[in-house]
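# Observations on the model geometry
These are the residues of each chain, in order.
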Amino acid sequence: MGIADQFKDKAKDLADQAQKEAKDGKGDGSNRSQDASERASGASEQARDKARGAADDVRGRFDR
């Protein structure tokens, strides 16, 4: 499982938790769900960029 998949899973977990809390009357779950999804999306993009950078570094080392 890649880092991006882990972030997506975490975002889904947070969204599910927010929806459950909204049903239980513990706050505005729809905003929390959306915020969690947006944060996870940004985090997964950052992780993907880091992975690409690391892959480029490795290629650069072994292309000699």
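Data block above holds the structure.
Notes on the structure follow. Just so we're clear, the structure is a prediction, and the values are computed from it rather than from any experiment.

### Focus on the environment of Ala22
Mapped onto the secondary structure, Ala22 falls in helix H1 (residues 3-23). A relative accessible area of 32% means that Ala22 is categorised as partly exposed. Linking Ala22 and Arg32, residues ten residues apart in sequence, is a C-alpha distance of 9.2 Å.

### Notes on the environment of Lys50
Relative to the elements of secondary structure, Lys50 occurs in helix H2 (residues 29-62). With a relative accessible area of 66%, Lys50 lands in the exposed category. Remark: the alpha-carbon pair of Lys50 and Ile3, spanning 47 residues in sequence, is separated by 10.0 Å.

Cut-offs used in this document
Residues numbered from 1 in each chain as written. Predicted model: local features only at pLDDT ≥ 70, side-chain atom pairs only at ≥ 80, totals over all residues. Heavy atoms only, no water. Helix = DSSP H or I, 4+ residues; strand = E, 2+ residues; numbered from the N terminus. Buried < 20%, exposed > 50% of the residue type's maximum accessible area, 1.4 Å probe, protein only.

Limitation: the analysis is restricted to geometry and does not speak to function.
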